[in-house]
Amino acid sequence: MRLLRMVIHNVVFQFKHGFYLVYLIISLSYVALLRMLPYSFAQKVFSLIIFSDISFLGLFFIGAIIFLERDQGIMQALFVTPLRITEYILSEVFSLAFLSLIMGMLIGFLRFGLSFSALPIVLATFLASTLFTLFGIAIAVKQRRITSYFVICFFLIAPFFLPLLSYFDIYNSRVLQFFPTAVFLNLLDGSFKPVCFSYYMYALANCAVWIAVAWYFTTRRFTEYVINKTGEIQ
């Protein structure tokens, strides 16, 4: 119940600070763009939009959230309560994944109606949002300026775009298929074509490994740069 209350609190926090309004405007702009494109080409562009923007939404916003919470004294107050690190991190992950899912599905529905498969989009968006929100938390807790946060994010995330080379048949390598972003792209393409059950299993296994690594990295950094500095290790 405490985790659920934190998720709801975060959704309300994000809504009050205009995150939903901003991404609603951006999403409607994407819909307008997709409606101007031929149907088959719009499918490809839709996958790239979800991949490059909606799926990375958590990374874009989590830095701003942590900076806001730190400046308002919210974070310091939270960790003198029984709240656990895992509950805080999961509440941020789930609330931002919720926002990503809403906007991704909204764009798909307004452009393609019911002619696309929702499961691959939901899975790819949730997994991508989870992974990159975790990375965002790990980076943000040490930074004191939003500009340095985005600079570090850029250099950290840039290698994850390498599977685009394979996606556009510029350079093909089996190594690139082990990147989680290759999995996200393949799942997103599955919104408009069948995806076999075995690939769903591979996608979950692949992303589980990456998310486990990100989780370990994030909790270690959070303990070092937030919890230890409040004098309350949980």
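Keep in mind it's a predicted model, so treat the numbers as computed, not measured.

Peer 1: Just to check I follow, could you spell out the nonpolar core for this structure?
Peer 2: Nonpolar side chains tend toward joint burial in soluble globular proteins. Of all hydrophobic cores here, the largest spans 70 residues; its most connected members are I107, F132, Y149, F184, L187 and F222. The leading source of residues in this core is helix α7 (residues 118-140), at twelve residues. Aside from chain neighbours lying at most four places away, what touches I107 is S27, Y30, V31, L34, F46, I49 and I54.

Peer 1: Please clarify how helix α2 (residues 19-35) should be interpreted in this entry.
Peer 2: Residues lying three or four places apart along an α-helix face the same way, a consequence of the helix completing one turn every 3.6 residues. For α2, with 17 residues, the first-to-last C-alpha span of 24 Å sits near the 24 Å given by 1.5 Å per residue. Looking only at α2, the buried set comprises F19, Y20, Y23, S27, Y30, V31 and L34. Viewed end-on, α2 has its buried residues packed into an arc of 105 degrees, placing them on one side of the element. Where the residues of α2 are buried, they touch α1 (2-16), α3 (39-54), α4 (57-71) and α6 (85-112).

Peer 1: Got a minute to help me understand α7 in this structure?
Peer 2: With 23 residues, α7 should cover 33 Å at 1.5 Å per step; its first-to-last C-alpha distance of 32 Å lies within 8% of that length. Along α7, 19 of the 23 residues are buried, which leaves the element largely enclosed by surrounding structure.

Peer 1: Even after reading the chapter, I still don't get the pattern of salt bridges, so can you show me in this structure?
Peer 2: Between side chains of opposite charge, a pair can form when the charged atoms approach closely. Tallying each qualifying case throughout the model produces two salt bridges. As a salt-bridge pair, R2 and E87 come within 2.9 Å of each other at their nearest N and O atoms. Note that R2 is positioned in helix α1 and E87 in helix α6, a separation of 85 residues in sequence. For R2, a relative accessible area of 30% corresponds to the partly exposed category. In this structure, D189 and K44 form a salt bridge, with 4.0 Å as the shortest nitrogen-oxygen distance. Here the residue D189 occupies a position in helix α10 (residues 180-189), and K44 occupies one in helix α3, the gap between them amounting to 145 residues. Using a relative accessible area of 15% as the deciding quantity, one classes D189 as buried.

Peer 1: It is not clear to me how a nonpolar patch on the surface should be interpreted in this structure. Could you clarify?
Peer 2: There is a patch of nonpolar side chains on the surface, built from L162, L165, F168, I170 and Y171 and spanning about 490 Å² of accessible area. You can see F168 is positioned in the loop between α9 (163-167) and α10. By relative accessible area, which is 42% here, F168 ends up partly exposed.

Peer 1: Teacher, can you tell me more about the environment of I102 here?
Peer 2: Counting through the fold element by element, I102 comes out in helix α6. Each C-alpha atom, one on I102 and one on L24, is 9.5 Å from the other, the two residues being 78 residues apart in sequence.

Peer 1: What is the right way to read the packing of aromatic side chains from this model?
Peer 2: Aromatic rings considered in pairs are described by the distance between their centres and by the relative angle of their planes. On inspection of all chains with the given rule, the structure shows 22 aromatic pairs. Aromatic pair F46 and F112: ring centres 5.3 Å apart, planes at 70 degrees, arrangement edge-to-face. Taken together, the positions of F46 in helix α3 and F112 in helix α6 put the pair 66 residues apart, joining distant regions of the chain. Across the pair, F112 and F46 agree in class, each one buried. Aromatic side chains F154 and F155 sit 5.3 Å apart centroid to centroid with 80 degrees between the ring planes, which places their arrangement in the edge-to-face category. The two residues F154 and F155 agree in class, both being exposed.

Peer 1: So what exactly am I meant to see when it comes to the confidence of the model for the chain here?
Peer 2: Should the pLDDT be low somewhere, the predicted coordinates at that spot are not to be read in detail. Looking at the chain, the pLDDT average stands at 86 and 93% of residues meet or exceed 70. Across the chain, the secondary-structure element scoring lowest on mean pLDDT is helix α5 (residues 74-78), at 66, and the one scoring highest is α7, at 92.

Peer 1: Help me understand the side chain of Q14, please; the structure alone is not making it clear to me.
Peer 2: With respect to the helices and strands, the residue Q14 is situated in helix α1. In terms of polar contacts, Q14 uses its side chain to reach the side chain of S95, at 2.9 Å. If near-sequence neighbours (up to four positions away) are discounted, Q14 is found in contact with F19, Y20, I65, E92, S95 and L96.

Peer 1: How should I be thinking about the packing of α2 against α3 in this particular structure?
Peer 2: When two helices pack together, their arrangement is given by the angle between their axes and by how far apart the axes lie. Taken N-terminus to C-terminus, the directions of α2 and α3 make an angle of 160 degrees; their axes are 10 Å apart at the nearest point. The angle between the axes of α2 and α3 places the two elements in the roughly antiparallel class. Here α2 runs over α3; the crossing is right-handed. Across the interface between the two elements, Y23, I26, S27, Y30 and L34 from α2 touch A42, V45, F46, I49, D53 and I54 from α3.

Conventions we followed
Residues numbered from 1 in each chain as written. Predicted model: local features only at pLDDT ≥ 70, side-chain atom pairs only at ≥ 80, totals over all residues. Heavy atoms only, no water. Core = buried A, V, L, I, M, F, W, Y, C linked by side-chain atoms within 4.5 Å. Buried < 20%, exposed > 50% of the residue type's maximum accessible area, 1.4 Å probe, protein only. Helix = DSSP H or I, 4+ residues; strand = E, 2+ residues; numbered from the N terminus. Contact = heavy atoms within 4.5 Å. Expected span 1.5 Å × (residues − 1). Arc of directions from axis to C-beta. Salt bridge = Lys/Arg side-chain N within 4 Å of Asp/Glu carboxyl O. Patch = residues over 30% accessible without salt bridge, like charges linked within 9 Å, V, L, I, M, F, W, Y side chains within 5 Å. Areas by Shrake-Rupley, 256 points an atom, 1.4 Å probe, with all protein chains shown as cover. Phe/Tyr/Trp six-rings, centres within 6.5 Å; stacked < 30°, edge-to-face > 60°. pLDDT = per-residue confidence, 0-100. Polar contact = N/O pair within 3.5 Å; in protein donor to acceptor, adjacent residues only side chain to side chain. Axes fitted to C-alpha atoms, helices over the stretch in contact; angles between N-to-C directions. Parallel < 35°, antiparallel > 145°, perpendicular 65-115°, else oblique. Left-handed = near helix turned anticlockwise from the far one by under 90°.

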